[in-house]
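# Geometric and topological summary
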Amino acid sequence: MARSSTLSKFIDQNPYIQLLINTFDLVDENGDIIPDKNVKNDFKFSLFYNGTNNTKNTIPRKEIDLSELVRIIKSDALKDMPKSQRPYITPYGTFTKRNKESLVHFNKGIICLDYDKLKSYELDYIDNYWRQQPCTILSLISPSGNGLKILLRAEHGFNPDTLYEGLKANADIFTLAHREVDLMQFVICQPMFIPYSENPYFNPHAKPMDVVFKDAKLESFEVAKIDTIKVQATRN
């Protein structure tokens, strides 16, 4: 039986569906299946790509979801593409222009991590660690080959205004093998350049992190009190 486009879409999202179909013949007369409501595809990203030097591009090309992002990651077109030309997304939402003021949709349940300049054993350890966590949506080796891009599902409770300071206050949660994450990846409009992977780690069933996030703490400064006696003594 020829697969319908709807059926193909869900099989691409979850390969185990094909196993269920083969085992239990779970298709109707149209070749369609009942969608798996546990597959969460509720995040929206702005995709930035202009075909030339994309590092200076601040105008999005389109809006995509997780499934589309994974298809792009697997695309052969990314294999030998220079980083300056690579498409990128804004993990924390969609924008009309890549700045905080142009935010359209905020992904309140996601965290993007960026580990840079890792040694090979550090990369393997951190990658394996996040692949084993039920909260991990994607784990990808960065285009440089010595870094990792991680997308996590998390109910952190921060809003667009408190996101950076909130995640910064909790950054120690993500320190692994004595390697800290790049705090810039907590900036709401920070880009994530898309790496190529033939078989990326992708878990559409990811569950929120089992952790209580600390509130963002803004530093406060006491106003120095001027001691007039000491001032006069200094002048004299």
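Up top is the structure these notes are about.
In this report, the structure presented in the accompanying data block is examined. (Residues numbered from 1 in each chain as written. Predicted model: local features only at pLDDT ≥ 70, side-chain atom pairs only at ≥ 80, totals over all residues. Heavy atoms only, no water.)

Time to look at the pattern of salt bridges. All chains considered together, the criterion is met by 7 salt bridges. In this structure, K62 and E68 form a salt bridge, with 3.3 Å as the shortest nitrogen-oxygen distance. In this structure K62 comes out as partly exposed when scored by relative accessible area, which is 40%. For the salt bridge of D114 with K149, the shortest nitrogen-to-oxygen distance reads 3.3 Å. Here D114, found in strand β6 (residues 110–115), pairs with K149, found in strand β8 (residues 148–153); they are 35 residues apart in sequence, far enough to count as distant. One exposure class covers both D114 and K149, and it is buried. (Salt bridge = Lys/Arg side-chain N within 4 Å of Asp/Glu carboxyl O. Buried < 20%, exposed > 50% of the residue type's maximum accessible area, 1.4 Å probe, protein only. Helix = DSSP H or I, 4+ residues; strand = E, 2+ residues; numbered from the N terminus.)

Let's shift gears to the sheet that holds β6. Overall, antiparallel pairing links the 4 strands, which are arranged β6-β8-β7-β10 in an open sheet. Every interior strand has two partners, whereas the edge strands, β6 and β10 (201–202), have only one. Pairing analysis gives 6 bridges linking β6 to β8, with the strands arranged antiparallel. Bridge pairing links Y115 to L148 in β8. Contacts from helix α3 (residues 66–73) reach β7 (136–141), β8 and β10 within the one sheet, and its direction differs from that of β7 by about 20°. Taken strand by strand, helix α4 (residues 120–131) contacts β6, β7, β8 and β10, and its axis lies near 20° from that of β8. (Pairing = 2+ DSSP bridges. Contact = heavy atoms within 4.5 Å. Axes fitted to C-alpha atoms, helices over the stretch in contact; angles between N-to-C directions.)

Strand order in this open sheet of 4 strands is β2-β1-β3-β9, and the pairing throughout is antiparallel. Two strands bound the open sheet, and with one partner strand each, they are β2 (62–64) and β9 (192–193). Sheet topology places strand β1 (residues 45–48) next to β2; 3 bridges connect them, and they run antiparallel. For S46, the partnering residue across the bridge sits in β2 and is E63. The strands touched by α3 are β1, β2 and β3 (88–90); relative to β2, the strand with the most contacts, the crossing angle is about 100°.

To continue, consider unusual backbone geometry. Despite not being glycine, K117 has its phi angle at roughly 50°, a positive value. Inspection of the secondary structure assignment puts K117 in the loop between β6 and α4. With a phi angle near 65°, H178 is a residue other than glycine that sits in the positive phi range. Along the chain, H178 turns up in the loop between α5 (163–169) and β9. Accessibility expressed as a relative area gives 79% for H178, which makes it exposed.

L66, S67, L69, V70 and I73 are the residues of α3 that are buried. Buried residues along α3 cover an arc of 160° about the axis, so they all sit on one side. Capping of α3 at its N-terminal end is provided by D65; its side-chain oxygen lies 3.2 Å from the backbone amide nitrogen of S67. (Arc of directions from axis to C-beta. Polar contact = N/O pair within 3.5 Å; in protein donor to acceptor, adjacent residues only side chain to side chain.)

What follows deals with the pairing of β6. Counting buried residues in β6 gives 6 out of 6 residues, a clear majority hidden from the surface. Every second residue of β6 is oriented toward a common face, with I110, C112 and D114 on one face and I111, L113 and Y115 on the other, all of them buried.

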